[in-house]
Amino acid sequence: MTDASQRVEHWTRTKRLMIITLFLWVVFSFVVHWFAGALNAFSFMGFPLGFYMAAQGSEVIFVVVIFWFAWAQHKIDSETGFAEEE
Amino acid sequence: MKGLKGNFIENLPKIYGMYTGGFLVFILIMAVFEQMGMDADTIGILFVAFTVLIYAAIGWLSRTMQVDTYYVAGRQVPTVFNGMATAADWMSGASFVAMAGGIYFGGHGYLAFVVGWTGGYILVAALMAPYLRKFGCYTVPDFIGTRYGGNLARFCAVLVLVVASFTYVTAQINATGTIASRALQIPFEVGVWFGLLGILLCSMLGGMRAVTWTQVAQYIVLIIAYLVPVFWMSNKQGFGVVPQLVYGEAVMKITELEAMHGLGTLDAVAGAKAGLKALSVPFVAAADGWKFVTLVLCMMAGTASLPHILMRYFTTPSVRSARQSVAWSLFFIFLLYFTAPALATFTKLQLLNPELATGIIGKAITEVNALEWVQKWSSVGFLQVIDGNGDGILQLNEFFMRGDIVVLATPEIAGLPYVISGLVAAGGMAAAMSTADGLLLAIANALSHDLYYKIIDPAAETRKRLLVARALLLVIGAAGAFVASLKLTSILGAVAWAFDFACSGLFFPIVLGIWWKRANRAGAIAGMVFGFLAGTWYLYMVRFAGMDPWVGIDHLRFGMIGMPVSLIAMIVVSLMTEEPDAETQAMVDEIRVPAGKTILGSSH
């Protein structure tokens, strides 16, 4: 593979990962809270679900997503040969 | 520390492990002193004085005369430690002292801050930090100035940075002043300058290196100080071993108690002092969806544009570690932020539940006024009881307090020993100092590196650059303390504004500089200028000129006006003018891959 085609592949995959990550971000930052009232009808671990998502649920998911993102991006970097030498 | 530099990084876990152990021993010693009869005031003084002295010592040991050490800590801060430092940098006096109180009063609607101040890190990780690290800049305007070229773009970025960060830093100096004045029993005006002295000791001699290692130390103090009382209280009152996971029942109980106490049916009682509030918003009921998500968006985009946060990721050894470091930052922040709603819930339950010994709503007013913590906090104007209907019984609408009380007084309400109150004061001080440090350094670095060195005197030698940097730190700190001593704004109003200023002016110029090759100088300048001016104009109109907010976008959310203006201006003007030259486009290609040399040299 040439350097140029590797670059294209690296950037295509990086963009795709960014879009997936931001999709999850939109869902748990905005969508679930928009429907907090409706979600409050459900109960989760004893909490009303809408309240729970704002107090704890979204935050837990953010932490998981961000560690997953760091792992996935490094995978892309190493597989396309753009990871740093350590 | 200077002597064992190479070793120092390897020894970090051991050094901070010993430090943490030492701090725990200090807490135990204080507890023993309390048993032996030492009074609460002395314990408070010892806690604050002892911790501030340690930070100052770290600052002194980290002094430096090298440019890259001063600006980016020599780019050798390990991932997890940078995460802790960022968390301390991030969590301000407002997060520590005011957040739980905000949730106490605002319920679900206020949780928008908790969501907004955590999820923004996803934007930092996915869109910004790794690429800025690859770029190799010292400051955020350094990136703008090099990516787009030209002094005007650099200058606009400096301007937005200074306005956003200065708004924020006065609130932090204010908070250090409040805590210092209460703990050390000195007047607020003196406390502000004492706080500033501590802050400058941490940053002046060693720049970013000193700030990094003091922030790690401050994180350890603040997280212990936040978590210990909550765990202790929860276990003492039988809520469960890990309170954050099991307070669902308490949340449901509060809804019952609110109905029982007639929340929403009572008329407001007049006569409370400024800054004191009675409960009026239901805890659980869902807030307006539009208001919630707009606040979340402004806080998140602001997170990703605030230079004192972004510059922390310039200090890691590699692009990969910058990315991981963002994840660790969020984790360390999460530890406090998912505890705050639990703390607010416990405090509320304790005050509202007549079955608990601590419940005061529904009790006789004479009985409530006889409580020691009520007397103590009333005497400093944090709390007020007004018998509105004259029936001698305390109703929900007759009990006024400041939000800060939730963190500061809950240990006393729950009957924990004084040593816990001293610990909380030290934690609040650490939170406010660490944020103030980061902000002051961000401002001073932008002025000394971008304005002085890059624009005014590019021939200045290292020694002179670093002297200018320190002189600016001193001047800006003094200006911040002066403004803080005037007590112009409440803590939180100003904090939210800083996020709005930052996202209005800087968010799109930074993001598009990385993700859109076609973005050019004219576009970036238009984005910064129009976004910032539109946001500022809207803030002025809504807050000071009496204009009705558009579709519920109040002064806390003015980024909702600034950001779209910035985006549109930047795209339209970029497309109307010539595309960037081949060299710039190649530079953007290089930013996008981790491997290879940084764009700017290690000393520039």
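Residues numbered from 1 in each chain as written. Chains lettered and ligands numbered in written order. Predicted model: local features only at pLDDT ≥ 70, side-chain atom pairs only at ≥ 80, totals over all residues.

### Quick word on the overall build of chain A
Counting its regular elements, chain A contains three helices and two strands. Expected size for 86 residues packed as a compact globule is a radius of gyration near 12 Å; at 18 Å, chain A overshoots this value by more than 25%. Classification of the 86 residues of chain A by burial places 38% in the buried group. Counting only contacts in chain A whose residues sit at least 6 apart along the sequence, the fraction spanning at least 24 positions is 51%. (Helix = DSSP H or I, 4+ residues; strand = E, 2+ residues; numbered from the N terminus. Rg over C-alpha atoms; globule rule 2.2 N^0.38 Å. Buried ≥ 20, exposed ≤ 12 C-beta atoms within 10 Å, placed from the backbone. Contact = placed C-beta atoms within 7 Å.)

### Brief notes about the overall build of chain B
Across its full length, chain B holds 27 helices and two strands. In terms of C-alpha radius of gyration, chain B reaches 24 Å, essentially the compact-globule figure of 25 Å for 604 residues. Expressed along its principal axes, the backbone C-alpha trace of chain B runs to roughly 80 × 60 × 40 Å. Taking all 604 residues of chain B together, the buried fraction comes to 58%. In chain B, once contacts between residues fewer than 6 apart in sequence are set aside, the share between residues at least 24 apart is 83%.

### Brief notes about the interface of chain A and chain B
Facing 38 residues of chain A, the contacting portion of chain B comprises 39 residues. Where the side of chain A that touches chain B is concerned, the elements lending two or more residues are helix 1 (3-34), helix 2 (36-39), strand 2 (47-48) and helix 3 (49-79) of chain A. By residue number, the principal contributor to the side of chain A that touches chain B is helix 3 of chain A, which donates 17 residues. Along the lines of polarity and charge, the residues of the side of chain A that touches chain B split into 22 nonpolar, twelve polar and four charged. (Nonpolar A, V, L, I, M, F, W, Y, C, P; charged D, E, K, R; others polar.)

### Remarks on the packing of helix 6 (residues 93-106) of chain B against helix 21 (residues 418-456) of chain B
Residues and elements named next belong to chain B. Where helix 6 contacts helix 21, the axes come no closer than 6 Å and their chain directions differ by 135 degrees. The pairing of helix 6 with helix 21 is recorded here as oblique in orientation. Of helix 21, the residues touching helix 6 (which contributes Gly93, Ser95, Phe96 and Val97) are Gly427, Gly428, Ala431, Ala432 and Thr435. Grouping the amino acids of the contact of helix 6 with helix 21 by side-chain chemistry returns four nonpolar, five polar and no charged. (Axes fitted to C-alpha atoms, helices over the stretch in contact; angles between N-to-C directions. Parallel < 35°, antiparallel > 145°, perpendicular 65-115°, else oblique.)

### Points about helix 3 (residues 40-61) of chain B
With 22 residues, helix 3 of chain B ought to run about 32 Å at 1.5 Å a step, and its terminal C-alpha atoms sit 32 Å apart, in line with that. Close packing links the buried residues of helix 3 of chain B with helix 2 (12-35), helix 9 (151-184), helix 10 (188-203), helix 11 (207-236) and helix 21 of chain B. (Expected span 1.5 Å × (residues − 1).)

### Some thoughts on helix 1 of chain A
Given 3.6 residues per helical turn, the α-helix brings residues three or four places apart onto the same face. With 32 residues, helix 1 of chain A should cover 46 Å at 1.5 Å per step; its first-to-last C-alpha distance of 45 Å lies within 8% of that length. Of all the bends in helix 1 of chain A, the greatest measures close to 35 degrees and is centred on Val27 of chain A. Residues of helix 1 of chain A that are buried: His10, Thr14, Thr21, Trp25, Phe28, Ser29, Phe30 and His33 of chain A. Among the structural elements, helix 2 and helix 3 of chain A together with helix 7 (111-135) and helix 14 (289-303) of chain B are those in contact with the buried residues of helix 1 of chain A. (Bend = angle between axes of the 7 residues up to and from the residue.)

### Details of the environment of Leu28 of chain B
All names here are of chain B. You can see Leu28 is positioned in helix 2. When the 11 C-beta atoms within 10 Å are taken as the criterion, Leu28 is described as exposed. For the pair formed by Leu28 and Val419, sequence separation is 391 residues and the distance between their alpha carbons is 8.7 Å.

### Observations regarding the environment of Gln395 of chain B
Residues and elements named next belong to chain B. Topologically, Gln395 is positioned in the loop between strand 1 (383-385) and strand 2 (399-401). We classify Gln395 as partly exposed; it has 19 C-beta atoms within 10 Å. For the pair Gln395 and Leu266, spaced 129 residues apart in sequence, the C-alpha separation works out to 8.8 Å.

### Some words on the nonpolar core
One finds Ile66 of chain A together with Ala125, Met128, Leu222 and Ile443 of chain B to be the most contacted residues of the largest nonpolar core, which totals 240 residues. Looking at this core element by element, the count peaks at 22 residues for helix 21 of chain B. Discounting residues that sit within four places of it in the chain, Leu222 of chain B has contacts with Ala88, Met91, Phe96, Gly427, Ala430 and Ala431 of chain B. (Core = buried A, V, L, I, M, F, W, Y, C linked by C-beta atoms within 7 Å.)

### Considerations on the environment of Ala88 of chain B
Positionally, Ala88 of chain B belongs in helix 5 (residues 79-90). Of the residues examined, Ala88 of chain B has 32 C-beta atoms within 10 Å and is grouped as buried.

### Observations concerning unusual backbone geometry
All names here are of chain B. Unusually for a residue other than glycine, Ala73 sits at a positive phi of about 50 degrees. Here Ala73 lies in the loop between helix 4 (67-72) and helix 5. We classify Ala73 as buried; it has 25 C-beta atoms within 10 Å. With a phi close to 30 degrees, Val551 is a non-glycine residue in the positive phi region. Relative to the helices and strands, Val551 resides in the loop between helix 25 (521-544) and helix 26 (559-576).

### Things to note about the packing of helix 8 (residues 140-148) of chain B against helix 21 of chain B
Residues and elements named next belong to chain B. Contact geometry for helix 8 and helix 21: axes closest at 8 Å, N-to-C directions at 35 degrees. On helix 21, the residues that touch Pro141, Asp142 and Gly145 of helix 8 are Ala446, His449, Asp450 and Lys454. A class-by-class count of the residues in the contact of helix 8 with helix 21 yields two nonpolar, two polar and three charged.

### Some remarks on the confidence of the model for chain A
Chain-level statistics for chain A give a pLDDT mean of 93 and a share of 97% at 70 or above. Across chain A, helix 3 of chain A holds the top mean pLDDT of 96, while strand 1 (residues 43-44) of chain A sits lowest at 90. (pLDDT = per-residue confidence, 0-100.)

### Some words on the confidence of the model for chain B
Mean pLDDT over chain B: 90, with 98% of residues reaching 70 or higher. Predicted as a complex, the structure gets a pTM of 0.94 and an ipTM equal to 0.96.

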